[in-house]
Amino acid sequence: MALCYTDRLSARPGETVSLHVSARGPCRLTIDRVGAERRRVLTLEEVVTPDLPVPGHADRDGCGWPAALEIEVGADWASGYYDITLIDAEGGEGHHFVCVKAPLGQPGSSMVLVLATNTLHAYNYFGGANAYCDVTALMSRRAPLPEAMEGGIGRLSTQRPFPSLLLAPPPEMPRLVNLTKRGFEARTWAGADPAWSRAHDQSPYDGSAGFLHKWEHAFVAWAEGEEGLTLDYLTDHDLDTDPDVLDAYKTVILVGHSEYWSGPQRDALEAFVDGGGNLAIFSGNTAFWKVRWEDDGRTLVCHKWRGESAEQVAPHEATHLWSHPMFGRPEAEITGLSFIYGGYHRLGLCAARGQGGYTVYRNDHWALAGADLFYGDVFGDTLPLVGYENDGCALRFGDDGLPAAAPGLGVPEGLEVIALAPCAFAEPADSGYRSLIPPEQLDVVARIAYGDGSPAAQARVTRGHAVMAFFRRGDGEVFNAGTTEWAHGLAARDPFVTRITRNVLQRFVGGR
């Protein structure tokens, strides 16, 4: 099989990217911009490549393969996601990518899509393990899930390939959400099609990240295709290394699963919004985990739950939940919402018979203008629009009968709650059914959310809501759709989702 990786994930026209390869050559190399359509920009035949072993601890230390060739980004390569495909002499196919940024000082759009590449790195299990578990041990059945999770690593190399089902899955790969409600006393409720998963050796982490898995690409296909919009592109890491990279834009767009943010990345986004920029979040589980970069972008440090004890560093350098008190910067301060107050929907036993859509409360909100939605209407339920992972806030109901955000974990005053759907942060422990979702550390989450790790507080954490919301911060504005699955509504041409998305982008780009 052809395997490859680049020395970096983004570059500007005129810059060079190194491609590191292990394959039985000679190989054929193609590079395509993937947007509303595929556009080939480069084809190389008879590429000579070495057949190299995967070293031990490649997940942590990288593969260390020498560069097989250098690729210069063409002057006519528009900003976007470029799929690198390598086909070896036996027909084996490998994929990687590069994000092409706009030429320096020459943005092509006032909107920029920031690809969730930190999330992709955290889920990458090539070489054995990712931030979650020892995936090789889990898939080979050498270890059950609790034991395999002990094999999760806190230092992840970017100098290695991505598994094909994570980076470039086939179009028919199932979504990570139950498309139908769980039947009465049904004992199977996997988020993906179990038969498909077994046939393709799908890991629990395939489909949780990656441009081509129906989130970011679905949004781009709608925006660049049906809407005729022009987008510029960046990666998470670009915000980490260049604090001024957003200065040329009016609106930053996040789509799908922007789960992992570094400190400098967050600083850049907060400065952008405070200075009058707008943040459109069509993502769920956004900014949940704090990470940091080392080795000039070659190592992502992400200790997750072990962040309190895994290393001795200054609190601002540590890695854990952004909502952890040692940072004093809960993510809701910039996103408006938190996964701690949201959770899963139509996954495992978490809202397994949930409605799959949003219930409208503030139908007079500008985001719903022209959407033909009224109080109590449910939209997106046939998709489902609400599923997998979702963000929310603590709620209270006012004298007007409408929900409002209750204070907690940085949720901003004046947050406008537009629509809701129930979620669960964890499956019930005493259901009598086998759990699907790996257990979270509910005692830690309860202490962070409510200052109390008791069983009663843990139970309270498990009852949440997906929330669609809007708020103002500094001189800018933030819209948060609250769910990973928003782009599926655009792909399905759902009229309600389409109208709301248009309203957000028109307001954020064209003025208020």
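In short, a report on the structure. Since the model is a prediction, treat every value here as computed from it, not as a measurement. (Residues numbered from 1 in each chain as written. Predicted model: local features only at pLDDT ≥ 70, side-chain atom pairs only at ≥ 80, totals over all residues. Heavy atoms only, no water.)

Comments concerning the overall build of the protein
Here's step 1: If you tally the helices and strands in the protein, you get 14 helices and 25 strands.
Here's step 2: The globule rule puts the C-alpha radius of gyration for 512 residues at 24 Å, and the 22 Å found for the protein is close to it.
Here's step 3: Dimensions of the protein along its principal axes, counting C-alpha atoms only, are 70 × 55 × 45 Å.
Here's step 4: The burial tally for the protein puts 60% of its 512 residues in the buried class. (Helix = DSSP H or I, 4+ residues; strand = E, 2+ residues; numbered from the N terminus. Rg over C-alpha atoms; globule rule 2.2 N^0.38 Å. Buried < 20%, exposed > 50% of the residue type's maximum accessible area, 1.4 Å probe, protein only.)

Quick word on helix α9 (residues 263-274)
Here's step 1: Taking 1.5 Å of rise per residue, 12 residues should cover 16 Å, and α9 covers 16 Å from first to last C-alpha, within 8% of that figure.
Here's step 2: Residues G263, Q265, R266, A268, L269, E270, F272 and V273 constitute the buried set of α9.
Here's step 3: Where α9 begins, the side chain of S262 points an oxygen toward the backbone nitrogen of Q265, at a separation of 3.2 Å.
Here's step 4: G276 occupies a position one or two residues after α9 and carries a positive phi of about 110°. (Expected span 1.5 Å × (residues − 1). Polar contact = N/O pair within 3.5 Å; in protein donor to acceptor, adjacent residues only side chain to side chain.)

Brief notes about the sheet that holds strand β10 (residues 155-157)
Here's step 1: A sheet is described by the order of its strands in space; here 4 strands give the open sequence β10-β16-β15-β13, paired in mixed fashion. Either end of the sheet is taken by a strand with one partner, and the two such strands are β10 and β13 (260-262). Along the sheet, successive strands turn relative to each other by an average axial angle of 35°, direction set aside.
Here's step 2: Bridge count between β13 and strand β15 (residues 289-294): 3 bridges; the pairing is parallel. Its bridge partner being in β15, S262 is matched across the sheet by V291. (Pairing = 2+ DSSP bridges. Axes fitted to C-alpha atoms, helices over the stretch in contact; angles between N-to-C directions.)

A closer look at empty space enclosed by the protein
Here's step 1: Taken as a whole, this structure holds 2 cavities of 30 Å³ or more when the rule is applied.
Here's step 2: Volume-wise, the largest cavity comes out at about 80 Å³.
Here's step 3: Lining of the largest cavity is provided by 13 residues; of these, A116, A209, G210, F211 and E216 occupy positions nearest its centre.
Here's step 4: Split by residue class, the lining of the largest cavity holds 9 nonpolar, 3 polar and 1 charged.
Here's step 5: Quantified by volume, the second largest cavity comes out at close to 40 Å³. (1 Å grid on protein atoms, 1.4 Å probe; cavity = no way out; pocket = protein on both sides within 12 Å on 5 of 7 lines; lining within 4 Å. Points joined across faces, edges and corners; volume = space filled by probe spheres on them. Nonpolar A, V, L, I, M, F, W, Y, C, P; charged D, E, K, R; others polar.)

So, the side chain of D391
Here's step 1: Here D391 lies in strand β20 (residues 388-392).
Here's step 2: There is no salt bridge for the buried D391, and the closest opposite charge comes from R266, which lies 12 Å off by N-O distance.
Here's step 3: Beyond its immediate chain neighbours, meaning those up to four positions away, D391 contacts G284, N285, T286, L337, S338, F339, G342, H465, A466, V467 and G482. (Lys, Arg positive; Asp, Glu negative; His and termini not counted. Salt bridge = Lys/Arg side-chain N within 4 Å of Asp/Glu carboxyl O. Contact = heavy atoms within 4.5 Å.)

Section: helix α11 (residues 442-450)
Here's step 1: Taken together, the buried positions of α11 are L442, V444, V445, A446, I448 and A449.
Here's step 2: Considering only its buried residues, α11 is in contact with β17 (338-345) and α12 (455-461).
Here's step 3: Looking one or two places after α11, you find G451, whose phi comes out positive at around 70°.

Points about the layout of surface pockets
Here's step 1: Each pocket or cavity is described by its volume, and for the second largest pocket that value is around 400 Å³.
Here's step 2: In terms of lining residues, the second largest pocket is bounded by 26 residues, among which R8, L9, S10, H237 and D238 are the most central.
Here's step 3: When residues of the lining of the second largest pocket are traced back to their parent elements, those giving at least two are α2 (117-123) and α8 (236-241).
Here's step 4: Counting residues per element, the lining of the second largest pocket draws most heavily on α8, at 3 residues.
Here's step 5: Of the residues in the lining of the second largest pocket, the class split is 5 nonpolar, 11 polar and 10 charged.

Quick notes on the pattern of salt bridges
Should their charged atoms come close, side chains of opposite charge can pair.
Here's step 1: Evaluated as defined, the whole model comprises 28 salt bridges.
Here's step 2: Residue E15 is joined to R8 by a salt bridge in which the shortest nitrogen-to-oxygen separation is 3.4 Å.
Here's step 3: Given the relative accessible area of 30%, E15 is considered partly exposed.
Here's step 4: Salt-bridge contacts for E90 lead to R24; the nearest nitrogen and oxygen are separated by 3.2 Å. Linking E90 in the loop between β7 (80-87) and β8 (93-100) with R24 in the loop between β3 (16-22) and β4 (27-34), this pair joins segments that are 66 residues apart in sequence.
Here's step 5: Relative accessible area serves as the criterion here: at 58%, E90 is assigned to the exposed category.
Here's step 6: One salt-bridge network, in which partners are shared between bridges, spans R266, D267, E270, D274, R329, E333 and R473.

Considerations on the nonpolar core
Here's step 1: F219 and F282 are the most contacted members of the largest nonpolar core, which totals 136 residues.
Here's step 2: With 7 residues, strand β23 (residues 416-424) is the single largest residue contributor to this core.
Here's step 3: Look past the residues within four positions of F282 in its chain and what remains in contact with it is F219, I253, L254, V255, G256, F479, A481, T483, W486, T501, V504 and L505.
Here's step 4: I71, I84, L86 and V98 belong to the second-largest nonpolar core, a separate cluster that totals 20 residues. (Core = buried A, V, L, I, M, F, W, Y, C linked by side-chain atoms within 4.5 Å.)

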